[in-house]
Amino acid sequence: MAWRSVGANNEDLIRQLKDHGVIASDAVAQAMKETDRKHYSPRNPYMDAPQPIGGGVTISAPHMHAFALEYLRDQLKPGARILDVGSGSGYLTACFYRYIKAKGVDADTRIVGIEHQAELVRLSKANLNTDDRSMLDSGQLLIVEGDGRKGYPPNAPYNAIHVGAAAPDTPTELINQLANGGRLIVPVGPDGGSQYMQQYDKDANGKVYQKHFGHAPPYTSKTPKHF
């Protein structure tokens, strides 16, 4: 993809993604600037490509994280409940936290990262504490161990749900945990290859609409399909 690049540092990486139009908003750029990938990606943190983080798992390429933040930004508000499925090393979960905090403080805000590998749960907590211990200490950002395909009912319903790994089937249980007015996004495509975003929106009456997005900005979609 034409926008893939390598930054000299985190700020340079974000600048390049913004210059190429991958990052469309200043608020997303700021959240990603404040969350240095060196704390979450031990190898090539500023390369716009997936990188191994252990346990046979990779951290997504920076442009995929930028897409996730842009697709969900209307749902990322103080007081919102956010679920990050397959939170891995904790990077995007931290970006969600910082994006919302910059918009304002609300005691009801909850950002939950769920990961099924115990070692990655431990690793992500260590990464978050190395980055900024106040995130976990706030009680508003949680990292839990579990099967993310089943969501995390204790904090449902969620205003936004992000799924980090491609899903072969309709994520019915996650859709059930989506709040009215909420949005769920999940990538489709092979690991390590070109992936596309699939989006599910639940309207104010609880009807769900599905949209397919290309992997390149602008952030537009095909005609939504109700199911």
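Note: the structure precedes this text.
The rules we used
Starting from 1, residues in each chain are numbered consecutively following that chain's sequence as written. In keeping with the model being predicted, local features are shown solely for residues with a pLDDT of at least 70 and side-chain atom pairs are shown and tallied solely at 80 or more, while totals for entire chains, interfaces and linings include all residues. Values reported for side chains reflect all heavy atoms of the structure, with hydrogen atoms and water molecules removed beforehand. Within this document, salt bridges are pairs made up of a side-chain nitrogen of Lys or Arg and a carboxyl oxygen of Asp or Glu, the two lying within 4 Å of each other. Put simply, DSSP H or I for four residues or longer makes a helix, DSSP E for two residues or longer makes a strand, and each gets a number counted from the N terminus. Residue burial is assigned from relative accessible area. The probe radius is 1.4 Å, only protein chains are included, and a residue is buried under 20% of its type maximum, exposed over 50%, and partly exposed in between. Structural elements are reduced to axes, namely lines fitted to C-alpha atoms, with helices fitted over the stretch in contact, and the angle between N-to-C directions of any two is expressed from 0 to 180 degrees. Comment on the angle field: the value is read as roughly parallel under 35 degrees, roughly antiparallel over 145, roughly perpendicular from 65 to 115, and oblique elsewhere. Should the near helix be turned counterclockwise from the far one by less than a right angle, the crossing is left-handed, whereas a clockwise turn marks it as right-handed. Contact definition: two residues touch when any of their heavy atoms are within 4.5 Å. Each residue receives one of three labels: charged for Asp, Glu, Lys and Arg, nonpolar for Ala, Val, Leu, Ile, Met, Phe, Trp, Tyr, Cys and Pro, and polar for the others, Gly being one of them. Aromatic contacts are taken between Phe, Tyr and Trp rings whose centres are within 6.5 Å, Trp giving its six-membered ring; a plane angle under 30 degrees counts as stacked, one over 60 as edge-to-face, and the others as tilted. Two thresholds decide whether a charge sits over a ring: the Lys NZ or Arg CZ must be within 6 Å of the ring centre and within 35 degrees of the ring normal. By nonpolar core is meant a set of buried Ala, Val, Leu, Ile, Met, Phe, Trp, Tyr and Cys residues that side-chain atoms within 4.5 Å join together.

*Asks:* What is the right way to read the pattern of salt bridges from this model?
*Replies:* It is possible for side chains of opposite charge to pair when their charged atoms get near one another. Applying the stated rule across the entire model yields nine salt bridges. In this structure, Arg15 and Asp12 form a salt bridge, with 2.6 Å as the shortest nitrogen-oxygen distance. A residue pair is termed a helical-turn pair when its members lie 3 or 4 positions apart in one helix, as Arg15 and Asp12 do in helix 1 (residues 10–19) at three residues. Residue classification places Asp12 among the buried residues on the basis of a relative accessible area of 17%. With a shortest N-O distance of 3.0 Å, Arg149 and Asp147 are connected by a salt bridge.

*Asks:* Which parts of the structure should I look at to understand the packing of helix 2 (residues 26–34) against helix 4 (residues 91–103)?
*Replies:* Geometrically, a packed helix pair is captured by the angle between its two axes and the distance between the axes. Across the interface, helix 2 lies against helix 4 with an axial gap of 9 Å and an inter-helix angle of 125°. When the axes of helix 2 and helix 4 are compared, the pair comes out oblique. Remark: the crossing between helix 2 and helix 4 carries right-handed chirality. From helix 2, Ala27, Val28, Ala31, Met32 and Glu34 reach across to helix 4, where they touch Tyr91, Cys95, Arg98, Tyr99 and Lys103. Counted by class, the contact of helix 2 with helix 4 contains seven nonpolar, no polar and three charged residues.

*Asks:* Sorry if this is basic, but what is going on with the side chain of Glu70 here?
*Replies:* Note on placement: Glu70 falls in helix 3 (residues 62–72). Judged by its relative accessible area of 5%, Glu70 is buried.

*Asks:* Mind showing me how you'd approach the packing of aromatic side chains here?
*Replies:* For any pair of aromatic rings, the description rests on two quantities: the centre-to-centre distance and the angle between the ring planes. One pass over the full model with this rule turns up two aromatic pairs. Aromatic side chains Tyr40 and Tyr91 sit 5.7 Å apart centroid to centroid with 70° between the ring planes, which places their arrangement in the edge-to-face category. Within this pair, whereas Tyr40 is found in the loop between helix 2 and strand 1 (51–54), its partner Tyr91 is found in helix 4, the two being separated by 51 residues in sequence. By relative accessible area, which is 2% here, Tyr40 ends up buried. With 6.3 Å between their ring centres and 55° between their planes, Phe67 and Tyr71 make a pair best called tilted. Within this pair, Phe67 and its partner Tyr71 are both found in helix 3, separated by four residues, close to a single helical turn. Classification of Phe67 by relative accessible area gives buried; the value is 1%. A cation sits over an aromatic face here: Arg37 above Tyr91, 4.8 Å from the ring centre.

*Asks:* For this particular structure, what's the right way to read the nonpolar core?
*Replies:* Generally speaking, soluble globular proteins have nonpolar side chains that are buried together. In this structure, Ile23, Met32, Leu69, Leu76, Ile82, Phe96 and Met197 are the most contacted members of the largest nonpolar core, which totals 42 residues. Of all the secondary structure elements, the ones that give two or more residues to this core are helix 1, helix 2, helix 3, helix 4, helix 5 (118–132) and strand 5 (141–145). Element by element, the count of residues in this core is highest for helix 4, at eight residues. Residues contacting Ile82, with those up to four places away along its chain left out, are Gln75, Leu76, Phe96, Ile100, Arg110, Ile111, Val112, Tyr158 and Ala160. Counting residues in hydrophobic clusters, the runner-up holds 15 residues, among them Leu83, Val112, Tyr158 and Tyr200.

What is shown is where atoms sit, not what they do.
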